[in-house]
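As a plain string of letters, each chain reads:
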Amino acid sequence: MKLSRILIVGLGGFLGTALRCIISTATAKYFGDFPIGTLIVNVLGGFTMGFIMEASTSIWPISANARIFLTTGIMGGLTTFSTFSYETVSFFSDGEYLMGGMNAGLNLFFALFACWFGKIVAQ
């Protein structure tokens, strides 16, 4: 892989990660213990990924560098399966089974639904 592509992904990752930090910090002030910020970034990322991948192959052709910047870079930095996993396991470890199940179910359902909906919107 060329160094230029690695830098493109790295820049996108920086932007996505910074955006995730802003969203998670802002939502923690309003929603307390439930990790709504993780849910928001995963749903937003699912929708955006579905939209970009569908649109970039049909109605909105973009270069391979632009696609990797947006998807692997920004969306990879924005969305977070590892944080989602840790938050869910923490709920279960603390005996908060309802919260853990709700967190897992909401993230899985809404992120997958948003990805599908993003593809539909792009079509």
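Procedures and definitions
- Residues numbered from 1 in each chain as written.
- Predicted model: local features only at pLDDT ≥ 70, side-chain atom pairs only at ≥ 80, totals over all residues.
- Heavy atoms only, no water.
- UniProt positions renumbered as here; feature names shortened; annotations may be inferred.
- pLDDT = per-residue confidence, 0-100.
- Helix = DSSP H or I, 4+ residues; strand = E, 2+ residues; numbered from the N terminus.
- Core = buried A, V, L, I, M, F, W, Y, C linked by side-chain atoms within 4.5 Å.
- Buried < 20%, exposed > 50% of the residue type's maximum accessible area, 1.4 Å probe, protein only.
- Contact = heavy atoms within 4.5 Å.

- Per an unreviewed UniProt entry, the protein chain carries the name Fluoride-specific ion channel FluC and comes from Caproiciproducens galactitolivorans.
- Quoted straight from UniProt, the Sequence similarities (unreviewed entry) entry for the protein chain says "Belongs to the fluoride channel Fluc/FEX (TC 1.A.43) family."
- On record in UniProt, under Function (unreviewed entry), the comment for the protein chain is "Fluoride-specific ion channel. Important for reducing fluoride concentration in the cell, thus reducing its toxicity."

1. Looking at the confidence of the model for the protein chain
- For the protein chain, per-residue confidence averages 93 on the pLDDT scale, and 100% of positions sit at 70 or higher.
- Model confidence for the protein chain, summarised as mean pLDDT per element, is weakest for helix 4 (residues 81-93) at 90 and strongest for helix 5 (residues 97-122) at 96.

2. Quick notes on the nonpolar core
- In terms of nonpolar packing, the biggest core is built from five residues, these being Ile23, Val41, Ile74, Met75 and Leu78.
- Considering each element in turn, this core owes the most residues, three residues, to helix 3 (residues 64-78).
- Leaving out residues up to four positions away in the same chain, Leu78 has contacts with Gly16, Thr17, Leu19, Arg20, Ile23, Val41, Leu44 and Gly45.

3. So, the UniProt feature "transmembrane region" (unreviewed entry) in the protein chain
- Here, the residues flagged by UniProt with the feature "transmembrane region" (unreviewed entry) are residues 30-52, 64-84 and 104-122.
- With 83% helix and 0% strand, residues 30-52 has end C-alpha atoms that lie 30 Å from one another.
- The distance from the first to the last C-alpha atom of residues 64-84 is 29 Å, and the span holds 90% helix and 0% strand.

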